[in-house]
There are 4 protein chains.
Amino acid sequence: MDTHTSTRPSARYTEVRQRSLELAAPLSAEDCCVQSMPDASPIKWHLAHTTWFFETFVLETWEENFRPFHEAFRVLFNSYYNAVGDRHPRPERGLLTRPGLDQVRAYRAAVDDRLQAVLAKRGAEPRLLELVELGLNHEQQHQELMLTDVKHMLSRNPLWPPYRAAAATQAAVDVPALDWYEFSAGIHEIGHAGPGFCFDNELPRHKVYLQDFRLASRLVTNAEYLAFIDAGGYQDPRLWLSDGWDWRVAQGRSHPLYWRRGEDGWQEFTLSGAQALDPSRPVVHVSLYEADAFARWADARLPTEAEWEHAACVCRIEPGAAEAHLADNGAFHPRAVRDAGLTQLFGDAWQWTQSSYDPYPGFTPGAGAVGEYNGKFMVNQYVLRGGSCATPGHHTRASYRNFFPAGACWQFSAIRLAHRR
Amino acid sequence: MDTHTSTRPSARYTEVRQRSLELAAPLSAEDCCVQSMPDASPIKWHLAHTTWFFETFVLETWEENFRPFHEAFRVLFNSYYNAVGDRHPRPERGLLTRPGLDQVRAYRAAVDDRLQAVLAKRGAEPRLLELVELGLNHEQQHQELMLTDVKHMLSRNPLWPPYRAAAATQAAVDVPALDWYEFSAGIHEIGHAGPGFCFDNELPRHKVYLQDFRLASRLVTNAEYLAFIDAGGYQDPRLWLSDGWDWRVAQGRSHPLYWRRGEDGWQEFTLSGAQALDPSRPVVHVSLYEADAFARWADARLPTEAEWEHAACVCRIEPGAAEAHLADNGAFHPRAVRDAGLTQLFGDAWQWTQSSYDPYPGFTPGAGAVGEYNGKFMVNQYVLRGGSCATPGHHTRASYRNFFPAGACWQFSAIRLAHRR
Amino acid sequence: MDTHTSTRPSARYTEVRQRSLELAAPLSAEDCCVQSMPDASPIKWHLAHTTWFFETFVLETWEENFRPFHEAFRVLFNSYYNAVGDRHPRPERGLLTRPGLDQVRAYRAAVDDRLQAVLAKRGAEPRLLELVELGLNHEQQHQELMLTDVKHMLSRNPLWPPYRAAAATQAAVDVPALDWYEFSAGIHEIGHAGPGFCFDNELPRHKVYLQDFRLASRLVTNAEYLAFIDAGGYQDPRLWLSDGWDWRVAQGRSHPLYWRRGEDGWQEFTLSGAQALDPSRPVVHVSLYEADAFARWADARLPTEAEWEHAACVCRIEPGAAEAHLADNGAFHPRAVRDAGLTQLFGDAWQWTQSSYDPYPGFTPGAGAVGEYNGKFMVNQYVLRGGSCATPGHHTRASYRNFFPAGACWQFSAIRLAHRR
Amino acid sequence: MDTHTSTRPSARYTEVRQRSLELAAPLSAEDCCVQSMPDASPIKWHLAHTTWFFETFVLETWEENFRPFHEAFRVLFNSYYNAVGDRHPRPERGLLTRPGLDQVRAYRAAVDDRLQAVLAKRGAEPRLLELVELGLNHEQQHQELMLTDVKHMLSRNPLWPPYRAAAATQAAVDVPALDWYEFSAGIHEIGHAGPGFCFDNELPRHKVYLQDFRLASRLVTNAEYLAFIDAGGYQDPRLWLSDGWDWRVAQGRSHPLYWRRGEDGWQEFTLSGAQALDPSRPVVHVSLYEADAFARWADARLPTEAEWEHAACVCRIEPGAAEAHLADNGAFHPRAVRDAGLTQLFGDAWQWTQSSYDPYPGFTPGAGAVGEYNGKFMVNQYVLRGGSCATPGHHTRASYRNFFPAGACWQFSAIRLAHRR
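Within any chain, residue numbers begin from 1 and follow the written order of that chain's sequence. Chain A is the first chain written and ligand 1 is the first ligand written, with later ones labelled in order. Only residues with pLDDT of 70 or above have their local features reported here, since the model is predicted, and side-chain atom pairs are shown and tallied only from 80 upward, although totals for entire chains, interfaces and linings are computed over all residues. Neither water nor hydrogens contribute to the side-chain values; these are computed over all heavy atoms in the structure.

Asks: How should I be thinking about the overall build of chain A in this particular structure?
Replies: In terms of regular secondary structure, chain A is built from 12 helices and 12 strands. We compute the radius of gyration from the C-alpha atoms alone; for a globule the expected value is 2.2 Å times N to the 0.38, where N is the number of residues. Taken against the 2.2 N^0.38 rule, which gives 22 Å for 421 residues, the C-alpha radius of gyration of chain A at 21 Å falls within 12% of a compact globule. Projecting the C-alpha coordinates of chain A onto the three principal axes gives extents of approximately 65 × 50 × 40 Å. Per-residue accessibility, obtained with a 1.4 Å probe over protein chains only, is compared with the maximum for each type, and a residue is labelled buried under 20%, exposed over 50%, and partly exposed between these values. Counting over 421 residues, chain A shows a buried share of 62%. Throughout, a contact is declared for two residues whenever any of their heavy atoms are within 4.5 Å. Sequence-distant contacts in chain A: of pairs separated by 6 or more residues, those separated by 24 or more amount to 80%. Residue burial considers only the protein chains on display, and all accessible areas are found by Shrake-Rupley using a 1.4 Å probe. Total accessible area on chain A is roughly 15600 Å²; 50% of this is exposed by carbon and sulfur atoms. Side chains of chain A carry 42 positive and 51 negative charges; the gap between the two charge centres is 1 Å. In this description a helix means any DSSP run of H or I spanning at least four residues, a strand means any run of E spanning at least two, and both kinds are numbered starting from the N terminus. Positive: Lys, Arg. Negative: Asp, Glu. His and the chain ends are not part of the count. Think of each charge as sitting on NZ of Lys, CZ of Arg, CG of Asp or CD of Glu.

Written out as structure tokens, the structure reads:
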């Protein structure tokens with residue numbers, strides 16, 4: 001059983017809920033209100049929506065004499081659950097200056113009190129505990145989005161203001177040469193196993209046949225990606241998927257999203273503001289299109305999600321203390337590798353796979369409205385595996401399936417190469 | 001000489017600048033940050049841009065050892081003055097959560113102190129006084145925009161929250177029947193005359209030839225506009241300009257911008273929140289297209305700007321105490337007419353004319369960068385005359401030329417009919 | 001009475017209708033079918049729509065036992081007459097491969113026969129004659145559009161194919177220096193006078209007051225426009241209207257529409273294909289924005305439409321034999337001026353004025369559905385005066401008001417400067 | 001070895017090339033010129049581009065003293081081969097009235113003569129034969145697109161004109177009840193095997209692990225799809241993928257692309273014009289979104305491409321005489337099933353799978369510029385299997401991978417259900 005589910009539910013609830021407020025703490029009410037693009041949401045909306053989730057899927061069922069905190073919030077903070085009723089249009093989330101941040105905090109406090117009361121009274125009911133656990137994992141996903149969404153918003157400000165002051169900067173290190181780990185063909189199993197929590201999209205565990213393959217020992221570094229740029233990688237359509245080339249031209253892209261070339265060389269926008277580009281760290285905030293073009297240029301390819309998961313399981317690599325520490329110590333930027341070994345699977349950056357986000361054989365969405373959680377997004381999205389410096393500790397695992405459209409790059413998304421053996 | 005220019009410049013400066021802060025007072029930092037559409041700007045941006053104007057066009061020239069308050073503000077808060085340098089893209093003004101509202105207030109305070117010092121030292125120099133006066137009139141224009149922009153922003157919130165609590169609501173009154181005032185053909189003069197301040201677009205005063213015409217005694221009321229709606233006015237393309245019909249279809253418009261039909265009849269969004277539609281008040285927030293279609297349906301037409309100005313001058317109607325009071329008492333909504341006479345020229349709502357916004361014969365833009373103030377907008381815009389409940393007291397006059405594109409309706413824009421004699 | 005209306009109606013009908021077919025003669029069925037942008041229409045559509053006009057507004061009223069040639073054509077070939085019924089969407093006119101060009105020719109022939117029969121029988125009825133005359137003038141307008149629309153379509157083909165082979169090319173000439181004609185302030189009359197045909201928008205004739213002004217003796221030449229380009233005119237936003245600058249940036253425009261810079265210097269696309277740019281000819285295919293920016297750079301301005309018309313009338317310049325010859329001899333490109341005098345008013349290119357297209361005082365649209373001809377376009381359009389090398393002979397006059405949006409440049413539109421005296 | 005490759009290359013070349021002209025024969029030059037949407041191409045462009053393929057990839061290499069037929073055609077008729085040089089923008093293919101259809105026919109004839117000469121001289125060289133075979137298969141793909149593109153173009157004409165007169169209409173039949181075929185879990189092989197031609201994307205043949213599954217015996221009929229519509233399928237977002245629902249709303253879709261509801265019930269646009277909807281025939285021209293929503297409503301799912309191919313191979317179903325006959329007899333509309341069995345795999349309509357179009361393990365694009373044929377489209381596309389009534393005879397096979405974006409519905413795309421066992 002996972003560490004986190006061994007905690008008492010009410011204590012775990014408090015801890016997770018508290019972390020959302022801590023993530024918002026460095027931000028002003030203004031910072032929390034604005035939406036920088038339709039794909040991103042305001043921090044305030046994240047704080048409210050995660051609360052709406054508990055109110056709607058837990059309190060409404062388990063609380064006696066349930067009455068909503070505010071009738072309008074049921075529409076304003078519904079993300080996409082059609083079975084629940086109307087929703088406020090996603091691109092207009094940033095127009096909601098009312099309720100203000102204080103009111104949303106009050107909403108959180110009230111729902112938290114009521115939920116703890118429900119837990120105290122009916123905390124032995126398995127379905128209740130399941131939904132609370134789902135709500136907490138849901139909130140952890142939004143905690144990562146809070147960081148990536150606010151990073152995007154701040155990046156659109158010409159001042160490149162920091163989310164919070166830099167921790168002591170890690171010096172550039174000598175990164176070990178890229179090594180290849182070999183795996184043999186055969187029938188393997190992927191998907192979640194064991195008693196701990198997982199999302200419905202990680203099930204059922206099932207057999208797949210994999211060919212022989214090799215997986216890179218670490219993520220592609222900024223230095224390696226710069227070599228691709230310097231070799232004209234952004235100017236050669238033959239390296240790109242057709243859609244990827246169209247994306248590159250339409251976006252006018254010639255480097256990763258948060259890079260800019262200053263008088264003193266390349267800079268990168270981080271949650272601590274502008275930093276000189278560190279050649280030893282992994283390149284992040286690349287789209288699948290960029291990852292794929294880099295891989296083709298490097299005479300390699302991206303792994304499939306099954307290959308990635310199989311490698312992690314075979315090598316018995318799990319998100320451990322170090323990764324949890326990274327995520328929770330607030331560096332919020334991936335580190336450079338210092339040591340040999342199959343590294344950076346968890347805790348630095350999500351890794352694009354070439355796998356489209358499809359249902360596993362026999363996939364069944366969760367029952368009721370929460371069944372809209374995952375399955376309905378299974379088209380035109382690609383799977384990322386691992387976990388990032390913005391992923392909450394104890395949230396990810398080898399079977400975890402993150403997914404985004406091929407052009408998304410505001411997540412901490414990186415490149416791990418694969419190869420035929 | 002106008003009242004307002006008889007005031008000492010430093011006192012007048014303080015008074016006008018203070019009013020901007022008062023207008024922002026009912027709003028949270030969140031309310032002040034958000035931009036609801038590219039045409040509108042955040043309140044915070046208005047507060048900063050009007051300050052930028054004084055810093056750039058006054059301090060930079062007249063202050064010794066001038067240094068900008070913040071180098072980046074020179075770009076962030078430049079609206080459209082190409083001669084001054086780069087500008088931040090207009091549709092992204094709402095992304096600037098930094099500087100925060102507090103910093104913008106500090107910016108205002110610092111520039112105010114420095115400007116008063118300059119006035120104290122060099123307040124006898126005419127060009128300095130001219131530019132300060134221009135800056136104050138510029139700020140007053142933005143004061144009106146602060147109200148109309150925040151109204152638009154709040155209207156996009158499904159809660160229709162008020163800007164501030166309603167003053168005592170005026171009861172519906174019996175509006176006098178519409179009467180026609182007749183004016184005779186001949187050569188008349190329009191354009192600003194006299195020593196007071198005016199904008200460059202009101203000059204030079206010049207002769208025009210007008211035909212006989214008749215002007216309506218008051219604005220079109222909500223009741224009259226409802227009759228147009230009920231008669232199918234929004235469904236009959238023959239009543240509309242071709243562009244107007246395309247606009248109507250593209251917008252899906254079947255009533256004025258801030259109306260909605262509730263279970264208890266029509267409601268109107270006001271700066272005090274939702275109100276039952278008062279049939280006696282003027283219809284406001286209509287586009288030129290709607291005004292023109294209404295006029296055609298009513299077998300009338302809109303006046304030209306020369307007709308409007310001539311009528312106001314002949315009848316010696318000026319924005320007086322009552323209007324100033326309205327604007328400054330904070331009702332921020334047009335009143336119903338109680339009395340006969342040529343009424344509602346000033347202080348309730350701007351009135352669309354059929355005149356495109358063109359240069360007067362012999363028009364010369366102001367010298368230097370401030371010459372970009374007016375002239376460069378003289379295409380695809382239409383003139384509105386009068387002044388509204390959101391116009392600061394002592395700001396408007398008979399020769400004042402307001403202008404917006406034909407589809408704009410977030411201003412307090414209304415309909416006054418005209419006719420051949 | 002005008003020359004053209006002295007002709008017998010049936011002969012004039014034949015002559016005008018025949019000319020449309022002659023204009024289409026150099027084109028293949030493919031050339032006649034394609035639509036290169038929503039603003040332009042296929043040649044086949046022009047041929048059919050002008051026929052629809054006679055069928056709908058003449059035959060349907062005056063022919064006994066009227067039955068439409070083809071029921072579907074009533075929708076397919078209605079341009080914008082809402083009073084008549086449904087219309088086919090304008091941007092999809094190019095999708096109509098059926099009816100084919102042959103069928104449209106058959107449609108024309110059938111309507112022509114029936115209309116001649118009606119004329120033979122009831123040709124003394126004034127309203128019938130009026131509508132036929134309106135239909136012929138309508139067709140002449142479309143004859144000009146056939147040339148400008150096909151020019152645009154061919155220009156989008158990388159091969160720049162000619163509409164028809166070049167006539168002998170006029171050699172570049174020494175253009176006389178630009179001279180200024182002076183006109184005095186006072187009350188003048190504009191608008192159509194006399195018994196000949198005019199459109200409703202040229203009426204009523206009415207008084208205007210004009211200030212002193214000066215009008216340039218000829219159009220701006222390619223050489224003069226090149227000087228503007230070489231001086232950086234397309235890179236300096238201070239020369240442009242704000243909308244104009246946005247237009248320039250959005251279009252990526254750095255020279256007139258049909259110019260391109262080849263290895264041997266500038267080339268211009270003409271209806272005879274690519275030609276070396278002739279410095280002595282008028283610059284054509286410029287938008288109002290370009291015309292206005294050029295004028296500002298040249299320290300001048302564009303004339304108002306009243307100034308233009310007054311100048312033409314005072315100087316007694318009318319579209320004469322020379323101009324008619326130009327239009328009808330098929331050069332279809334403006335000539336260079338050889339002689340002194342107030343020249344190029346008619347027959348070379350339309351001339352942008354600074355006047356928005358507004359109703360004249362007392363304007364009344366024509367009765368019935370034909371009342372949708374002009375009035376409903378009176379917003380966001382600007383008046384051009386004169387006539388071009390593509391205007392049919394005997395079609396234009398001093399009071400003629402052509403109009404297009406400020407960004408339009410696929411017409412033969414040129415620049416004549418004006419000035420305060 | 002396949003039938004078709006046993007034919008002598010020169011005879012086969014003639015036969016395939018001739019068929020393209022036959023497909024264009026019922027069309028006018030106008031029909032062949034117009035482009036109805038960016039996804040579709042004009043017939044004339046198809047005729048020219050397939051010729052360009054032989055000219056560029058065969059003649060340029062194997063012909064002595066090669067000179068292109070027309071220098072400009074190298075750009076105009078390059079579809080997407082970046083390695084070859086510039087291309088004409090895809091959405092502007094419909095603007096090319098020149099070269100005319102006759103010139104394109106002459107281009108075909110000239111290239112055909114030269115290619116036959118090359119074949120006569122060097123027809124023993126394997127790489128030459130390979131490229132000719134690739135070019136013929138490429139041309140056959142475009143033959144299907146000619147039919148689907150012209151169908152789309154004609155459908156946009158309000159007259160719904162036929163491509164050619166209807167063959168005798170098949171009467172509605174009693175369709176056998178839907179039956180399920182069961183397949184057992186295990187390691188299976190998919191991908192092309194054997195000596196015949198295949199595209200690079202069908203290789204390498206490789207092992208996959210499949211779970212137990214069941215496959216429907218026939219395609220979903222119009223009657224079954226009508227039941228989905230009548231049950232409110234287009235109004236219930238819970239049945240749709242999230243992207244699918246957005247697509248449905250944006251398109252305003254409430255039935256398949258080529259249906260319309262008339263006074264006498266549903267009609268369907270076919271290549272023979274409007275037909276009463278035949279309930280017994282397969283529903284066609286549905287998007288993946290519609291197919292997926294239908295499947296969810298029917299408590300089933302779409303097959304994966306591996307399941308589909310495995311089923312076809314296990315059951316030894318190949319595109320046979322009947323299918324070839326269908327495609328070549330020109331019905332160009334799918335038939336109803338009359339008999340039991342696993343039917344309609346080939347020859348009626350392509351069948352959406354839930355599989356995204358990904359490279360097979362070890363996929364290597366073809367060498368040189370022809371390597372841009374398939375691989376670069378492997379993102380955001382979904383695989384269709386089988387073949388349609390518009391697929392040329394002998395062109396498809398069980399391993400054939402057709403692919404389109406999820407929203408595409410102008411192909412003959414249909415629904416075959418699958419299920420867990």
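Asks: Is there a simple way to think about the interface of chain D and chain C in this case?
Replies: Tallying the contact residues gives 30 residues for chain D and 30 residues for chain C. Throughout, buried area stands for the accessible area (probe radius 1.4 Å) lost by two parts on being put together, summed over both. A buried area of about 2300 Å², summed over both sides, lies between chain D and chain C, and 57% of it is on carbon and sulfur atoms. Sorting the residues of chain D by area buried against chain C places Glu30(D), Leu95(D) and Arg98(D) first, and these three jointly supply 33% of that buried surface. The salt bridge definition used is simple: a Lys or Arg side-chain nitrogen within 4 Å of an Asp or Glu carboxyl oxygen. Counting every contact that joins chain D to chain C gives six salt bridges. Here Asp31(D) makes a salt bridge to Arg98(C), at a shortest N to O gap of 2.9 Å. Each polar contact in these results corresponds to two N or O atoms within 3.5 Å; when the atoms are within protein, one needs to be able to donate a hydrogen and the other to accept it, and residues that are neighboring in sequence are counted only if both atoms are side-chain atoms. Inspection of the chain D/chain C interface yields 14 residue pairs in polar contact (both at pLDDT 80 or more). Of all the secondary structure elements, the ones that give two or more residues to the side of chain D that touches chain C are helix 3 (29–33) and helix 7 (126–155) of chain D. With four residues, the top contributor of residues to the side of chain D that touches chain C is helix 3 of chain D. Under the scheme applied, nonpolar residues are Ala, Val, Leu, Ile, Met, Phe, Trp, Tyr, Cys and Pro; charged residues are Asp, Glu, Lys and Arg; polar residues are all the others, including Gly. Counted by class, the side of chain D that touches chain C contains 16 nonpolar, eight polar and six charged residues.

Asks: Just to check I follow, could you spell out the relation of the copies chain D and chain C for this structure?
Replies: Taken together, a rotation about one axis and a shift along it account for how the two chain copies relate. The superposition of copies rests on a least-squares fit of C-alpha positions from residues with pLDDT of 70 or more in both. Taken as rigid bodies, chain D and chain C are interconverted by a rotation of 180° and an axial shift of 0.0 Å, the fit giving an RMSD of 0.0 Å. Both copies of the chain, as the preceding transformation shows, are related through a two-fold rotation axis. By C-alpha distance to the rotation axis, the residue of chain D lying nearest is Glu30(D), at 2.4 Å. Both copies share a contact surface, since 100% of the interface residues of chain D are interface residues in chain C too.

Asks: How should the relation of the copies chain B and chain A be read in this particular structure?
Replies: Laying chain B over chain A is done by rotating through 180° and shifting 0.0 Å along the axis; what remains is an RMSD of 0.0 Å. A high fraction, 100%, of the interface residues of chain B reappear at the interface in chain A, so the copies pair face to face through one surface.

Asks: Help me understand the interface of chain B and chain A in this model?
Replies: Accessible area lost upon the coming together of the parts serves often as the stated size of an interface. On the chain A side, the residues contacting the 30 residues of chain B number 30 residues. Contact between chain B and chain A buries roughly 2300 Å² in total, counting both sides, with carbon and sulfur atoms accounting for 57%. Looking only at chain B, the three residues that lose the most surface to chain A are Glu30(B), Leu95(B) and Arg98(B), adding up to 33% of its buried area. Summed over the shared surface of chain B and chain A, the number is six salt bridges. Here Arg156(A) ties to Glu92(B) by a salt bridge, and the two come within 2.8 Å at their closest N and O atoms. Linking chain B with chain A are 14 residue pairs in polar contact (both at pLDDT 80 or more), by the criterion used here. Sorting the residues of the side of chain B that touches chain A by element identifies helix 3 (29–33) and helix 7 (126–155) of chain B as the ones contributing at least two each. For the side of chain B that touches chain A, the leading source of residues is helix 3 of chain B, giving four residues. A class-by-class count of the residues in the side of chain B that touches chain A yields 16 nonpolar, eight polar and six charged.

Asks: Would you mind showing me how to read helix 2 (residues 9–24) of chain B here?
Replies: For a helix, the expected span equals 1.5 Å multiplied by the number of residues minus one. End to end, helix 2 of chain B covers 23 Å across 16 residues, agreeing with the expected 22 Å (1.5 Å per residue, within 8%). Of the residues making up helix 2 of chain B, those classed as buried are Ser10(B), Arg12(B), Tyr13(B), Val16(B), Arg17(B), Arg19(B), Ser20(B), Leu23(B) and Ala24(B).

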